[in-house]
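Each chain, letter by letter, is given below.
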Amino acid sequence: MHQRSHRVDPAVRRRSKTARTQARYDRIAPFYDRLEGMIERLKFRAIRRMLWFEVPPGHGLEVGVGTGKNISYYPDAAEVVAIDLSSRMLEQSRERALSLGKAVDLRQMDVEHLAFRDDSFDWVASTFVFCSVPDPVAGLRELARVTKPGGRIFFLEHMRPRGKLLGFVFDLLNPFTVRVFGFNINRRTLENIAAAGLKIQEHRALDPRGILAMIVASPEKTQTESSVGISSSGNML
């Protein structure tokens, strides 16, 4: 007698991964800034400034706003919508925006299912986000969808290092970092960006091993190719 195998629906599996990611970031939100305090002061703060110096004014979207570390760098003339999967992270970013006197439209949202019309934003920015998105290519495709033709998408990311030996070490350590902190350290983000149909305009390595990088990409579409404005959930917004 043969037992029938029970296969988990891929959509159910994705939702489960997203729920686990949200729960992890909800859990660490109250002490997240302390957790990253040293690396933020030594490295991340400077490269955030570098990235945001390149971001133009206009109507923009920040995905994965987290505790709001980028809010102080938003262009003065920009109208920014900022999203995060974690409600607890958004509580931190709301407090930061208030203390800085910045008007930011903060919303809880999954980057894999953005509730915006096609071609909604002049630019999109993301800092250290796609290391933790369960399906990074799906999320990147959503960024392409909501960015206007000719718009740009700005990334700061940490990725799998170039060297074979160090890459192998990162592969070994990755299950631990995912379980404890919720992020991957071996993502091949450049390949994921290309797989999502984005054109890489600039790739600037920020360390000798290629772990940290600033990337600027754009959607490969023209105004005539843009659709009528259906969100990934099928809603007109």
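Read on for an overview of the structure.

1. What to know about the pattern of salt bridges
- With the rule as written, the count across this model stands at 13 salt bridges.
- One salt bridge in this structure joins Asp-118 and Arg-145, with 2.7 Å as the shortest N-O distance. One end of the pair, Asp-118, is in the loop between strand S3 (105-108) and strand S4 (121-127); the other, Arg-145, is in helix H5 (residues 136-146), with 27 residues separating them in the sequence.
- For Arg-145, a relative accessible area of 14% corresponds to the buried category.
- One salt-bridge network, in which partners are shared between bridges, spans Asp-33, Glu-36, Glu-40, Arg-48, Lys-69 and Arg-96.

2. Observations concerning the sheet that holds strand S2 (residues 78-84)
- Strand order in the open sheet formed by seven strands is S3-S2-S1-S4-S5-S7-S6, with mixed pairing between adjacent strands. Looking along the sheet, the strands with just one partner apiece sit at the ends: S3 and strand S6 (198-205). Strand-to-strand twist of the sheet, defined as the mean angle between neighbouring strand axes without regard to direction, takes the value 20 degrees.
- Alignment of strand S1 (residues 58-63) against S4, held across four bridges, turns out to be parallel. Looking across to S4, one finds that Glu-62 is bridged to Ala-125.
- Sheet contacts for helix H4 (residues 87-100): S2 and S3; angle to S3, the most-contacted strand, approximately 170 degrees.

What counts as what
- Residues numbered from 1 in each chain as written.
- Predicted model: local features only at pLDDT ≥ 70, side-chain atom pairs only at ≥ 80, totals over all residues.
- Heavy atoms only, no water.
- Salt bridge = Lys/Arg side-chain N within 4 Å of Asp/Glu carboxyl O.
- Helix = DSSP H or I, 4+ residues; strand = E, 2+ residues; numbered from the N terminus.
- Buried < 20%, exposed > 50% of the residue type's maximum accessible area, 1.4 Å probe, protein only.
- Pairing = 2+ DSSP bridges.
- Axes fitted to C-alpha atoms, helices over the stretch in contact; angles between N-to-C directions.
- Contact = heavy atoms within 4.5 Å.

By themselves these figures say nothing about function.
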